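Summary of structural features
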Amino acid sequence: MYRFTSKPAWTLVELKKGEAAPEAYEALETPVKPADIVSRALARIEYRTLTLLARVEQAVAQGPSDVVIARPPNDLPALLRTADQLLTFSRLEAGERASVWRCECGTRYAVPVSLMRPVSIRCERCGRTLDLDPLRVVEHSHLADPLMAEVNAYRKAVADVFREAMARGWPVLVSKADQAG
């Protein structure tokens, strides 16, 4: 289990005696997920000639705490390519397309597009009749198994941290996380 964080570069150096810390900041962090989710999410993603997972394991082996794996501006192109790969794999493995309707009570119903035909059903929560008409679709979504949905959510979170860190000009650090969140 690994946690990616990003914070301003000035936080990585010790302040001299009597020096005041610059302005406050809010660090960017990925959620902590179980090892199987992290390994599935990062396994085929490339970062600087290795897989991202291999790079992370290599970096974590160097030190007990946060280790810098990317520092702008030199690592900007590589990290943005990695973020693009994370999002691409997320889209490719998103699952079957589905149309989504909502009942007046807020209950969400998703039906695979391949099974689409107009039909009426009773809402499980409030009992109202809901018309599942292809012309009244509220949104489109993807139906994926729960494990793959969690893997893809983690990929998106990592990509968001990478992109935001590079936009702010902050280094990206990785550390070994103790427990799942």
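Right, let's walk through the structure included here. Note that the structure is predicted; figures quoted are calculated from it, not measured.

1. Looking at the state of the cysteines
The term disulfide refers to a covalent linkage connecting the sulfur atoms of a pair of cysteines. Summed over the entire model, instances satisfying the criterion amount to zero disulfides. Left unpaired, C103 is separated from the closest cysteine sulfur, that of C126, by 3.5 Å.

2. Some points on the packing of aromatic side chains
Taken as a whole and judged by the stated rule, the model has one aromatic pair. Their ring planes at 90° and their centres at 5.3 Å tell us that F4 and F162 sit as a pair that is edge-to-face. With F4 in strand β1 (residues 2–6) and F162 in helix α4 (residues 146–168), the pair connects residues that are 158 residues apart, well separated along the chain. Accessibility classification places F4 together with F162 in one group, the buried group.

3. Side note on α4
Side chains three or four residues apart in an α-helix point the same way, a direct result of the helix having 3.6 residues per turn. Over its 23 residues, α4 runs 33 Å from end to end, which matches the ideal 33 Å to within 8%, given 1.5 Å per residue. Taken together, the buried positions of α4 are occupied by M148, V151, N152, Y154, R155, A157, V158, A159, V161, F162, A165 and M166. Where α4 is buried, its residues contact β1, β2 (28–29), α1 (35–42), α2 (52–60), α3 (76–92) and β11 (172–176). Within two residues after α4, G169 carries a phi angle of roughly 80°, on the positive side.

4. What to know about the sheet that holds strand β5 (residues 67–70)
Spatial strand order, β2-β1-β11-β5: four strands in an open sheet with antiparallel pairing. Bordering the open sheet on either side are β2 and β5, each of which pairs with just one other strand. Bridge count for β1 against β11 is five bridges, and the pairing is antiparallel. In the strand pairing of β11, R3 is matched with S175.

The rules we used
- Residues numbered from 1 in each chain as written.
- Predicted model: local features only at pLDDT ≥ 70, side-chain atom pairs only at ≥ 80, totals over all residues.
- Heavy atoms only, no water.
- Disulfide = S-S within 2.5 Å.
- Phe/Tyr/Trp six-rings, centres within 6.5 Å; stacked < 30°, edge-to-face > 60°.
- Helix = DSSP H or I, 4+ residues; strand = E, 2+ residues; numbered from the N terminus.
- Buried < 20%, exposed > 50% of the residue type's maximum accessible area, 1.4 Å probe, protein only.
- Expected span 1.5 Å × (residues − 1).
- Contact = heavy atoms within 4.5 Å.
- Pairing = 2+ DSSP bridges.

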